[in-house]
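Architecture at a glance
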Amino acid sequence: MGEKFKTVTVIGAGTMGHGIGLLFALGGCSVRLVDLSRERLDRALKLIESHLDGLKLHREYGLEADAVLARITPECGLDESLPGVDLVVEAVVEKAAAKRELFQHLGRRLGADALVASTTSYMDVFSLAPEGLQARLLIAHFYNPAYIIPLVELVPGPKTDPAAVVRLRNFLETLKLTCISMKKYIPGFIINRLQRALGREIFHLIDAGIADPAEIDRAAKASLAIRLPVMGVVARYDFAGLDATLNNIKGEPVHLASGSDRSPTLERLVAEGRLGVKTGRGFFDWSGRELEDLLRQRDLRLLQVRRLMQEWIDRDARKGD
Ligand SMILES: NC(=O)c1ccc[n+]([C@@H]2O[C@H](COP(=O)([O-])OP(=O)(O)OC[C@H]3O[C@@H](n4cnc5c(N)ncnc54)[C@H](O)[C@@H]3O)[C@@H](O)[C@H]2O)c1
């Protein structure tokens, strides 16, 4: 059994922070959810209530929704009470200046035993933190939505105490999360690197007018989406045959998109304000539907897949015992 972090402070209550806060509250922690304005905190709490109401996540923990909400204390700005905190999760914007300033603040105020976990997607946060935080700073990269997707990539910095990684990993595993420990930092860790490679090809196929966005998604859902949960991305090669894989690689050159990640289509859509579901249009038209309804429909489907996957993950883990 892992150590229970009783009091967790999640800093940044945006897309990731509100979901991570909910996850910890479901797991029995007292959560302080910190952001810069009352408005952002209200939005985060509204989303959390909506997730509980729509997905009934609390029932899996034998709790009432109100009991989960009561564990979350919203806080505008960091106060002086950081010394009582066991774990800080940094989920502020992906900007070096914001993270550096926050780490300086934590370095001055945090108690000596508290861990600091950053959920940065790509950044070398270790280069932004003061010396006093280095031994207890690590990356814990959650996936969105954090209350459904169980993966956390744990990445130590050059001076992170290995015991800090073990402490956090043991705790996160009590929350039924799947923790992957990486040996050292690389931007994007495992899954964002794979997604980035896939993204290059997706944007290339769209930019070059080779296939429409809807057709690409239809193709992915009818193939990758079914194979991935069963074979992962590596065992798949064993099933395909490594000789066949080698032949494919040596055969007709594919000329995968490489070099630049910039996509003219992506840049045009962003310039037009087509940012995705949050503005009603992105690659697709989402207009006329409430954002919360879109997220709920997504989450209900993700939960169905997660429950099936969890069964398989648990069964595989039992076989490995
Ligand atoms: N969005 C994703 O899918 C995703 C997935 C995994 C990791 N991440 C990472 O998580 C982090 C947060 O991303 P996000 O998508 O939640 O961003 P977001 O913009 O939705 O939320 C960030 C929040 O941090 C707040 N903030 C900024 N500075 C602050 C400070 N000093 N104190 C308190 N609050 C502060 C902002 O007001 C905002 O509400 C980033 O490092 C990002 O790379 C994002």
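Look above for the structure.
Given the structure is predicted, the values throughout are model-derived calculations rather than measurements. (Residues numbered from 1 in each chain as written. Predicted model: local features only at pLDDT ≥ 70, side-chain atom pairs only at ≥ 80, totals over all residues. Heavy atoms only, no water.)

On to the side chain of H105. Assignment of secondary structure puts H105 in helix α4 (residues 96-109). The residues contacting H105, other than those within four sequence positions of it, are L78 and L82. (Helix = DSSP H or I, 4+ residues; strand = E, 2+ residues; numbered from the N terminus. Contact = heavy atoms within 4.5 Å.)

This part covers the packing of aromatic side chains. Geometrically, a pair of aromatic rings is defined through the distance of the ring centres and the angle of the planes. Counted by the stated rule, this structure contains 6 aromatic pairs. Taken together, a centroid distance of 4.8 Å and an interplanar angle of 65° make the contact between F5 and F171 edge-to-face. Here F5, found in the segment before β1 (7-11), pairs with F171, found in helix α6 (residues 162-174); they are 166 residues apart in sequence, far enough to count as distant. Take F5 and F171: they sit in the same class, and that class is buried. A ring pair is formed by F24 and F142, whose centres lie 6.3 Å apart and whose planes are at 85°; its orientation type is edge-to-face. Taken together, the residues span a long stretch of sequence, with F24 in helix α1 (residues 15-26) and F142 in strand β6 (residues 137-142) at a distance of 118 residues. Per residue, the accessibility class of F24 equals that of F142, and both read buried. (Phe/Tyr/Trp six-rings, centres within 6.5 Å; stacked < 30°, edge-to-face > 60°. Buried < 20%, exposed > 50% of the residue type's maximum accessible area, 1.4 Å probe, protein only.)

All right, on to the packing of α1 against helix α2 (residues 38-55) then. For the pair α1 and α2, the least separation of the axes is 10 Å and the interaxial angle reads 55°. As the angle between them shows, α1 and α2 are arranged oblique. As α1 packs across α2, the resulting crossing turns out to be right-handed. Contacts between α1 and α2 involve H18, L22 and L26 on the former and, on the latter, A44, L47, I48, H51 and L52. Of the residues that constitute the contact of α1 with α2, the class distribution is 6 nonpolar, 2 polar and no charged. (Axes fitted to C-alpha atoms, helices over the stretch in contact; angles between N-to-C directions. Parallel < 35°, antiparallel > 145°, perpendicular 65-115°, else oblique. Left-handed = near helix turned anticlockwise from the far one by under 90°. Nonpolar A, V, L, I, M, F, W, Y, C, P; charged D, E, K, R; others polar.)

On to the sheet that holds strand β5 (residues 115-118), then. Taken together, the 8 strands give an open sheet; going across it, the order is β3-β2-β1-β4-β5-β6-β7-β8, and neighbouring strands pair in mixed fashion. In this open sheet, the two edge strands, each paired with only one partner strand, are β3 (72-76) and β8 (178-181). Strand-to-strand, the axes of this sheet are offset by a mean angle of 25°, without reference to chain direction. In this sheet, strand β2 (residues 30-35) lies alongside β1 in parallel orientation, the contact comprising 5 bridges. Residue pairing across strands places T7 opposite S30, the latter belonging to β2. (Pairing = 2+ DSSP bridges.)

Taken together, 20 residues are adjacent to the ligand, and M16, D35, R40, E94 and K99 come closest. Residue T15 places a main-chain N or O atom 2.9 Å away from an oxygen atom belonging to the ligand. Taking D35, its side chain carries an N or O atom lying 2.6 Å from an oxygen atom of the ligand. Surface burial for the ligand is 78%, taken as the share of its 830 Å² of free accessible area covered by protein chains. Counting only elements with at least two residues in the shell around the ligand, the list comes to α1, β2 and β6. Its residues placed into classes, the shell around the ligand shows 8 nonpolar, 8 polar and 4 charged. (Near = heavy atom within 4 Å. Polar contact = N/O pair within 3.5 Å; in protein donor to acceptor, adjacent residues only side chain to side chain. Areas by Shrake-Rupley, 256 points an atom, 1.4 Å probe, with all protein chains shown as cover.)

This part takes up the layout of surface pockets. Think of a ball as big as a water molecule: rolled over the atoms, this probe shows where empty space is left. For the second largest pocket, the calculated volume is near 220 Å³. Every residue lining the second largest pocket is counted, 13 residues in all, and those nearest its centre are E60, Y61, K176, L303 and R306. When residues in the lining of the second largest pocket are grouped by element, the largest group, 4 residues, is from helix α13 (residues 291-320). (1 Å grid on protein atoms, 1.4 Å probe; cavity = no way out; pocket = protein on both sides within 12 Å on 5 of 7 lines; lining within 4 Å. Points joined across faces, edges and corners; volume = space filled by probe spheres on them.)

Now for the pattern of salt bridges. A side chain with one charge may pair with a side chain of the opposite charge, provided their charged atoms come close. Evaluated as defined, the whole model comprises 16 salt bridges. Between E90 and K99 there is a salt bridge, with its nearest N and O atoms 2.6 Å apart. What makes E90 buried here is its relative accessible area of 0%. Taking the relative accessible area as the measure of exposure, K99 reaches 1% and is therefore buried. (Salt bridge = Lys/Arg side-chain N within 4 Å of Asp/Glu carboxyl O.)

The next thing to look at is the environment of L275. In this fold, L275 is placed in the loop between α12 (264-271) and α13. L275 has contacts with V270 and R281, leaving out every residue within four places of it along the chain.

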